[in-house]
Amino acid sequence: MVNEATLTTPRTTLSTTPSAPPIIVWLRDDLRLSDHPALHAAAKAAAKTGAPVICLYVLDDSAGRAPGAAARWWLAQSLRALGADIATRDGSLILRKGPAARVIAEVARESGARTVHWNGIAQAPHQAIERQLESALAKNGVDSQCFPGDLLVPPAVIRNKEGRGLRVFTPFWRRVLALGDPPKPLPAPKDLRPAPTVASDTLETWKLEPGKPDWAGGLRETWTPGEASARARLRDFLKHTAQGYVGDRDRPDREGTSRLSPHLRFGELSPRQVWHAARFAAAENPAIGPGVDKFLSELGWREFCRHLLHDHPNLATENLQANFDGFPWKPDAKALSAWQRGRTGYPIVDAGLRELWHTGVMHNRVRMVVASFLVKHLLIDWRDGESWFWDTLVDADAGSNPANWQWVAGCGADAAPYFRVFNPVLQGERFDPDGAYVRRWVPELKDVPPELIHQPWQATPIELASAGVTLGKSYPHPIVDHAKGRERALTAYAKIRKG
Ligand code: FAD
């Protein structure tokens, strides 16, 4: 952990006079030092001219969707880790708050910087800020340089004949693969000369972390944000988990996936670093080849969702398929609250939502099951579920979250058909056969035998009593009957198909 003083000293004073004006590097969702094109170019220029590099992070809640509570917690830890990494290279991380274009232009004025570098973000609200910044800087004669952002392939490269983005994943991914390997990752700069006197906020004043009540204990237990930890996790995945990935990735009771999503979300690792590390590992050990191919195609879904967001900036609020606009959702605050709290009476659904609350993530298979349960069994608008995930996921991503919700709801691109209604009991029995996942997150069911753990209501009173369960008291009755919920969902869907 960084010494707080490194981040919180309001002023960083330069001991020697710089020989060239400073270069500002605006850090965004790319909280790392390696494979950072904007920083790499700044450090290279600085090495020639002796210019100091100012690493600047701006908290700008008007830039796109303001992060939810769990993501703000992650952001604080990630900035601390980044501040520590920058300090080991003789630099410091400057923190400022406010509209990014205005704040960066101010820092340029205060520091005498003549150049500002950043990595682009291919999302409409971020691009709008980039344009504002360019014009604010140009007015003061300051250069701006935007470098390639956090995608394997920019959206402009993958278009159909009409110039639109692709809406189906398989041809999209085929096109990405046909382009060959992305450029090799760039090394981290060796040293960053100290910046001149520039005022910095303190992380504490931003209040990104919870005060009282402190609900972040489970997040602290589960995660170590930051670039070093992200790289270690990737190494560990390729060494120990990739070989079994194809079979294990759907099993929430196993450690079968990389758990890299929050690190990728905050750019502690870039997709091309992941790509090259995975390809290299597969070349060294062909046994992991199929696992690596599948894993990279999942990274492809992240890319696909980002491209969709680029083309549909209102992805979190508007159905991609307009026929869903008239869908007869049934708002139900009580049912929504039972779902959020993991009290639906369906063990796999409840386990997922409690895992989410405690750790800030949920296994992908279970995300699909809980999302399907909300929109189909409960007929609650997918946007309500999406908002809950947005607030509680540490990996909450402006592309992946709404795109996956729309996919599950049936209104998205390349969506699962609406009539495919997951049966939560069968999903539990198939992907958590011994009930280990449910036992972990729903401890009141820990003594229920495996053949009943996904449907405790089928147990006899004696079986329930010997497992210490009283349905309706220690664990809820199902809030909806599966068969009735399914019928109701199909009837609702038939209405929009006709309409
Ligand atoms: P791995 O299986 O190891 O996959 C590697 C990487 O590929 C992930 O880290 C992630 O970056 C990407 N990835 C994997 N699956 C998907 C997918 N379906 N869509 C997009 N990218 C994917 N993922 C997020 O990163 N942020 C979200 O906000 C998010 N919301 C979701 C909401 C719903 C309703 C659903 C069904 C899925 C959502 N996902 C989201 C996708 C997926 O569940 C997570 O990326 C995955 O569980 C992360 O675990 P992992 O890093 O171990 O994945």
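That block above? That's the structure.
Parameters at a glance
- Residues numbered from 1 in each chain as written.
- Predicted model: local features only at pLDDT ≥ 70, side-chain atom pairs only at ≥ 80, totals over all residues.
- Heavy atoms only, no water.
- Helix = DSSP H or I, 4+ residues; strand = E, 2+ residues; numbered from the N terminus.
- Polar contact = N/O pair within 3.5 Å; in protein donor to acceptor, adjacent residues only side chain to side chain.
- Contact = heavy atoms within 4.5 Å.
- Phe/Tyr/Trp six-rings, centres within 6.5 Å; stacked < 30°, edge-to-face > 60°.
- Buried < 20%, exposed > 50% of the residue type's maximum accessible area, 1.4 Å probe, protein only.
- Lys NZ or Arg CZ within 6 Å of the ring centre and 35° of its normal.
- Near = heavy atom within 4 Å.
- Areas by Shrake-Rupley, 256 points an atom, 1.4 Å probe, with all protein chains shown as cover.
- Nonpolar A, V, L, I, M, F, W, Y, C, P; charged D, E, K, R; others polar.
- Domains from an automatic or database assignment.

Novice: When you look at the side chain of aspartate 250 in this model, what are you seeing that I'm missing?
Specialist: With respect to the helices, strands and loops of the structure, aspartate 250 is situated in the loop between α10 (245-248) and α11 (261-265). Polar contacts involving the side chain of aspartate 250 include one to the side chain of arginine 365, which spans 3.1 Å. Ignoring sequence-local partners within four residues, the contact set of aspartate 250 consists of His363, Arg365 and Phe431.

Novice: Is there a simple way to explain unusual backbone geometry in this structure?
Specialist: Leaving glycine out, the prevailing phi sign among residues is negative, and the prevailing peptide bond configuration is trans. Residue proline 213 is bonded to the preceding lysine 212 through a cis peptide linkage, with omega at 0 degrees. Turning to its location among the elements, proline 213 is positioned in the loop between α7 (203-206) and α8 (217-222). Within the chain, arginine 259 stands out as a residue other than glycine whose phi angle is a positive 55 degrees. Relative to the helices and strands, arginine 259 resides in the loop between α10 and α11. With a phi close to 55 degrees, leucine 379 is a non-glycine residue in the positive phi region. As for its placement among the helices and strands, leucine 379 is situated in the loop between α16 (364-377) and α17 (382-392).

Novice: Can you help me understand the packing of aromatic side chains in this one?
Specialist: Two descriptors summarise a pair of aromatic rings, namely the distance from one centre to the other and the angle between the planes of the rings. For the structure shown, the criterion picks out 24 aromatic pairs. Both rings, one in phenylalanine 169 and one in phenylalanine 304, keep their centres 5.7 Å apart while their planes meet at 80 degrees; by these two values the pair is edge-to-face. Of this pair, phenylalanine 169 sits in helix α6 (residues 169-178) while phenylalanine 304 sits in helix α13 (residues 289-311), and the two are 135 residues apart along the sequence. Exposure remark for phenylalanine 169: the relative accessible area of 8% places this residue in the buried category. With a centroid separation of 5.9 Å and 10 degrees between ring planes, the pair formed by tryptophan 357 and tryptophan 388 is classed as stacked. Taken together, the residues tryptophan 357 in helix α15 (residues 347-359) and tryptophan 388 in helix α17 connect sequence positions 31 residues apart. Joined through ring pairs, the aromatic side chains of Phe169, Phe172, Trp173, Trp275, Trp301 and Phe304 make up one cluster. Across the ring face of tryptophan 26, the terminal group of arginine 28 is positioned such that the distance to the ring centre comes to 3.9 Å.

Novice: What should I look at first to understand the site of the ligand in this one?
Specialist: Looking at the ligand, there are 27 residues lining it, with Tyr245, Thr257, Ser258, Arg259 and Asn364 nearest. Take serine 261: an N or O atom from its main chain is 3.1 Å from an oxygen atom of the ligand. Coverage of the ligand by the protein amounts to 95% of the 820 Å² it exposes when considered alone. Of all the elements in the fold, those that place two or more residues in the shell around the ligand are α11, α13, α16 and α18 (400-409). No other element matches the 6 residues that α13 contributes to the shell around the ligand. Grouping the amino acids of the shell around the ligand by side-chain chemistry returns 14 nonpolar, 7 polar and 6 charged. Viewed by domain, the shell around the ligand spans two of them, domain 2 (151-184 + 226-311) and domain 3 (322-498), each represented by three or more residues.

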